[in-house]
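Residues per chain, in single letters:
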Amino acid sequence: LQAVSRRRFLVTGWPWRSLGYLLTTPAVVMMAGLPLTLLGLPWIALLVQLVDGELRWSLGTVVLVALLGAALVTAGGPLVGLPLAIVERWRQRLVDDRPAASGHHRAPEPGLWSWLRTRYTETATWRAVGYAGLLVTVVPVLYSVALLLVVLIGAMAASPLLVSDGGAVSLGFGQVADVEGALPYALAGTALLPAVPYVFALVAGAHAA
């Protein structure tokens, strides 16, 4: 995020590093999303019924399903968040020169039970679980908005080529049907093309933050 304010930002490696961060994000979302979906199946089933407006379960069943989902996420969430945090600390090097140190402490005694007891009672572990939740909910929305913006700029810049075959082309806020009508959009889109690397960097920086 600090690099965006630099005068020579476009000729540095930061736009490419930001793009690399963005392109590797879908794999990380899948890494967290699949196991979290399995853990949250009771909540998802309950949510589907609520959205449909037809709750077919009794109150006792709803409470039981909600508690089952909470138990699964509590038990399995750290097993998703801990490896995810390791990957994200490594990946954060793409967009931040500062080291991202682990917030975990060494288990006081050897053995699996001591390790589990330490990890499940650490704040850092539950921050990682919370981040996993944000990763599979908020991050896709943020990336979708950025992608739509970049696609719109690209479509504006290429609008004369898009209408050359005939037929109107929608640009989100208007339609163009011929090359002459597309020229103002093309000029505006071309002028906005240098802003695309800034979009990449801002989205990547916001995600990393």
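Report on the accompanying structure. (Residues numbered from 1 in each chain as written. Predicted model: local features only at pLDDT ≥ 70, side-chain atom pairs only at ≥ 80, totals over all residues. Heavy atoms only, no water.)

Section: the overall build of the protein
Piece 1. When you go through the protein residue by residue, the secondary structure sums to nine helices and two strands.
Piece 2. Along the protein, from the amino end to the carboxyl end, the secondary structure elements read α-α-α-α-α-α-α-β-β-α-α.
Piece 3. A globule of 209 residues ought to have a C-alpha radius of gyration of about 17 Å, yet the protein, at 23 Å, is considerably larger.
Piece 4. With the C-alpha coordinates aligned to their principal axes, the bounding extent of the protein is approximately 70 × 50 × 20 Å.
Piece 5. Out of the 209 residues belonging to the protein, those deemed buried represent 35%.
Piece 6. Summarising the internal contacts of the protein: among those between residues at least 6 apart in sequence, 65% fall at separations of at least 24.
Piece 7. Each charge sign in the protein was given a centre, from 13 positive and 10 negative side chains, and these centres are 17 Å apart. (Helix = DSSP H or I, 4+ residues; strand = E, 2+ residues; numbered from the N terminus. Rg over C-alpha atoms; globule rule 2.2 N^0.38 Å. Buried < 20%, exposed > 50% of the residue type's maximum accessible area, 1.4 Å probe, protein only. Contact = heavy atoms within 4.5 Å. Lys, Arg positive; Asp, Glu negative; His and termini not counted. Charge placed at Lys NZ, Arg CZ, Asp CG, Glu CD.)

Here we look at the packing of aromatic side chains
Piece 1. Under the criterion given, the structure shown has two aromatic pairs.
Piece 2. Ring centres 6.3 Å apart and planes at 80 degrees place the aromatic pair Tyr-120 and Trp-126 in the edge-to-face group.
Piece 3. Assessed through its relative accessible area of 33%, Trp-126 is described here as partly exposed.
Piece 4. Over the aromatic face of Trp-14 sits the side chain of Arg-17, whose NZ or CZ is 4.0 Å from the ring centroid.
Piece 5. One Lys or Arg, Arg-91, reaches over the ring of Tyr-21 and ends 4.0 Å from the middle of that ring. (Phe/Tyr/Trp six-rings, centres within 6.5 Å; stacked < 30°, edge-to-face > 60°. Lys NZ or Arg CZ within 6 Å of the ring centre and 35° of its normal.)

Some words on the side chain of Ser-114
Piece 1. Along the chain, Ser-114 turns up in helix 4 (residues 112-120).
Piece 2. Only 3.0 Å separates the side chain of Ser-114 from the backbone oxygen of Glu-109, close enough to count as a polar contact.
Piece 3. Leaving out residues up to four positions away in the same chain, Ser-114 has contacts with Ala-107, Pro-108 and Glu-109. (Polar contact = N/O pair within 3.5 Å; in protein donor to acceptor, adjacent residues only side chain to side chain.)

A word on the packing of helix 1 (residues 14-39) against helix 2 (residues 41-52)
Piece 1. Between helix 1 and helix 2, whose axes approach to 5 Å, the crossing angle comes to 70 degrees. As the angle between them shows, helix 1 and helix 2 are arranged roughly perpendicular. Contact residues: Thr-37, Leu-38 and Leu-39 in helix 1; Leu-41, Pro-42 and Ile-44 in helix 2.
Piece 2. Each residue belonging to the contact of helix 1 with helix 2 can be placed in one class, and the counts come to five nonpolar, one polar and no charged. (Axes fitted to C-alpha atoms, helices over the stretch in contact; angles between N-to-C directions. Parallel < 35°, antiparallel > 145°, perpendicular 65-115°, else oblique. Nonpolar A, V, L, I, M, F, W, Y, C, P; charged D, E, K, R; others polar.)

Describing the nonpolar core
Piece 1. Residues Tyr-21, Leu-22, Leu-84, Leu-135, Tyr-143 and Val-203 are the most contacted members of the largest nonpolar core, which totals 23 residues.
Piece 2. Contributions of two or more residues to this core are made by helix 1, helix 3 (59-91), helix 5 (123-135), helix 6 (138-157) and helix 9 (196-208).
Piece 3. The element contributing the most residues to this core is helix 1, with seven residues.
Piece 4. Beyond its immediate chain neighbours, meaning those up to four positions away, Tyr-21 contacts Glu-88, Arg-91, Gln-92, Leu-94, Val-95, Tyr-143, Ala-204, His-207 and Ala-208.
Piece 5. Among the nonpolar cores identified, the runner-up in size contains seven residues, and Ala-155, Met-156, Val-169 and Leu-171 belong to it. (Core = buried A, V, L, I, M, F, W, Y, C linked by side-chain atoms within 4.5 Å.)

Some details on the environment of Ser-5
Piece 1. With respect to the helices and strands, Ser-5 occurs in the segment before helix 1.
Piece 2. With 82 residues separating them in the primary sequence, Ser-5 and Val-87 have C-alpha atoms 28 Å apart.
Piece 3. Within the structure, the side chain of Ser-5 is placed 2.8 Å from the backbone oxygen of Gln-2, a separation counted as a polar contact.

Some thoughts on helix 1
Piece 1. The first and last C-alpha atoms of helix 1 sit 37 Å apart over 26 residues, in line with the 38 Å expected at 1.5 Å per residue.
Piece 2. The principal kink in helix 1, of about 35 degrees, is found at Thr-25, preceding the proline Pro-26 by one to four residues.
Piece 3. For helix 1, the set of buried residues is Trp-14, Pro-15, Ser-18, Tyr-21, Leu-22, Thr-25, Val-28, Val-29, Ala-32, Gly-33, Leu-36 and Leu-39.
Piece 4. Those residues of helix 1 hidden inside the fold are in contact with helix 2, helix 3, helix 5, helix 6 and helix 9. (Expected span 1.5 Å × (residues − 1). Bend = angle between axes of the 7 residues up to and from the residue.)

Thoughts on helix 5
Piece 1. Its 13 residues place the ends of helix 5 18 Å apart at the C-alpha level, agreeing with the 18 Å of an ideal helix rising 1.5 Å per residue.
Piece 2. The inward-facing, buried residues of helix 5 contact helix 1, helix 3, helix 4, helix 6 and helix 9.

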